[in-house]
Amino acid sequence: GIQVEQSPPDLILQEGANSTLRCNFSDSVNNLQWFHQNPWGQLINLFYIPSGTKQNGRLSATTVATERYSLLYISSSQTTDSGVYFCAVPSSGSARQLTFGSGTQLTVLP
Amino acid sequence: DAGITQSPRHKVTETGTPVTLRCHQTENHRYMYWYRQDPGHGLRLIHYSYGVKDTDKGEVSDGYSVSRSKTEDFLLTLESATSSQTSVYFCAISDAGQYGYTFGSGTRLTVV
């Protein structure tokens, strides 16, 4: 099945710093989503971004489908950005399912 | 999010006992999913449903069964719980398959 790799696995930042999270996938996809899991465990859908660039406040995401990667940018990070960031793509052979990467654990220090 | 609720939020059960987790939605979404989350594995799909009484297996379906008798409810059953099923279970809903997932708050299940 499709493989999804995220990097880095862990990231520690000082408040106010910028960061870039990467998601590589092993096969062509027509859908990619980014999620944030906060320290209380809640999963929030950040972006649906099969290609191109989208922005939502301090967060933006870019997917280059032809090169099989996506980037999530966090600018002027805040402590509330802490948590785990997951990317997910459709599973091989089934457009109805998503395969998740293992996530990037982000810690923003005050 | 008020549109999807999971129950119970926490449960401790003994090995060999049956356990049922419930996912309830008020969004009238067609698709519902059960995932488990374990350290180092991210989220892995257990089962999903694409309509009332229409279900299919995911990546880690062994030891689990599901039922969907109404649009709003999706039940996950562990027929005979094992310690390897200790995990956090998430339900998700979607209105068009792979788009715009909304997750429930999760159920932390401990099998002792």
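This structure is a prediction, so every number in the text was calculated from the model and none was measured.

Colleague: Explain the interface of chain B and chain A here, please?
Modeller: As a measure of interface size, the accessible area lost when the parts come together is often cited. Taken together, the contact between chain B and chain A spans 21 residues of the former and 19 residues of the latter. Taken together, the two surfaces of chain B and chain A that pack against each other cover about 1700 Å², and 50% of this comes from carbon and sulfur. Connecting chain B to chain A are zero salt bridges. Here chain B and chain A share five residue pairs in polar contact (both at pLDDT 80 or more) between them. Elements represented by at least two residues in the side of chain B that touches chain A include exactly β4 (31-38) and β5 (42-51) of chain B. Looking at which element gives the most residues to the side of chain B that touches chain A, the answer is β5(B), with five residues. Partitioning the side of chain B that touches chain A into residue classes produces eleven nonpolar, nine polar and one charged.

Colleague: What am I meant to see in the sheet that holds strand β7 (residues 59-64) of chain A here?
Modeller: Strand pairing in a sheet relies on backbone hydrogen bonds. The paired strands run either parallel or antiparallel. All names here are of chain A. Here we have five strands laid out as an open sheet, ordered β1-β3-β8-β7-β6, and antiparallel in their pairing. Edge strands, defined here as strands with exactly one partner in the open sheet, are β1 (4-7) and β6 (52-56). Averaged over all adjacent pairs, the angle separating strand axes in this sheet is 15 degrees, with direction ignored. Two elements, strand β3 (residues 19-25) and strand β8 (residues 69-74), share six bridges in a ladder whose sense is antiparallel. Note that in β8 the partner of Thr20 across the bridge is Tyr73.

Colleague: How should unusual backbone geometry be read in this particular structure?
Modeller: Excluding glycine, most residues fall at negative phi; most peptide bonds, likewise, are trans. Between Ser7(A) and the following residue, Pro8(A), the backbone shows a cis peptide bond with an omega angle of -10 degrees. Take Pro8(A): it is sitting in the loop between β1 and β2 (10-14). The omega torsion across Ser7(B) and Pro8(B) is -10 degrees, close enough to zero to call that bond cis. Looking at the element boundaries, Pro8(B) is found in the loop between β1 (4-7) and β2 (10-13). Despite not being glycine, Ser76(A) shows a phi value in the positive range, around 45 degrees. With respect to the helices and strands, Ser76(A) occurs in the loop between β8 and β9 (83-91).

About the cut-offs
In every chain, residue numbers begin from 1 and rise along the written sequence. As they are written, the chains are lettered A onward and the ligands numbered 1 onward, keeping that order. Only residues with pLDDT of at least 70 are given local features in this predicted model, and only at 80 or more are side-chain atom pairs given and counted; all residues enter the totals for whole chains, interfaces and linings. In computing side-chain properties, one takes all heavy atoms of the structure into account and sets aside hydrogens as well as water. Contacts were defined at the residue level, with two residues in contact if any of their heavy atoms lie within 4.5 Å. Accessible area, probed at 1.4 Å, shrinks when two parts are joined; the buried area is that loss added up over both. The salt bridge definition used is simple: a Lys or Arg side-chain nitrogen within 4 Å of an Asp or Glu carboxyl oxygen. What qualifies as a polar contact is a pair of N or O atoms within 3.5 Å, subject to a donor-acceptor requirement within protein and to the restriction that residues adjacent in sequence count only when both atoms come from side chains. The helix count covers DSSP runs of H or I at least four residues long, the strand count covers runs of E at least two residues long, and both are numbered beginning at the N terminus. Classes in brief: Ala, Val, Leu, Ile, Met, Phe, Trp, Tyr, Cys and Pro nonpolar; Asp, Glu, Lys and Arg charged; the others, Gly included, polar. If DSSP finds at least two bridges between two strands, the strands pair. In this analysis, axes come from line fits to C-alpha atoms, helices being fitted only over the stretch in contact, and the angle between any two N-to-C directions falls in the range 0 to 180 degrees.

That is the geometry; function is a separate question.
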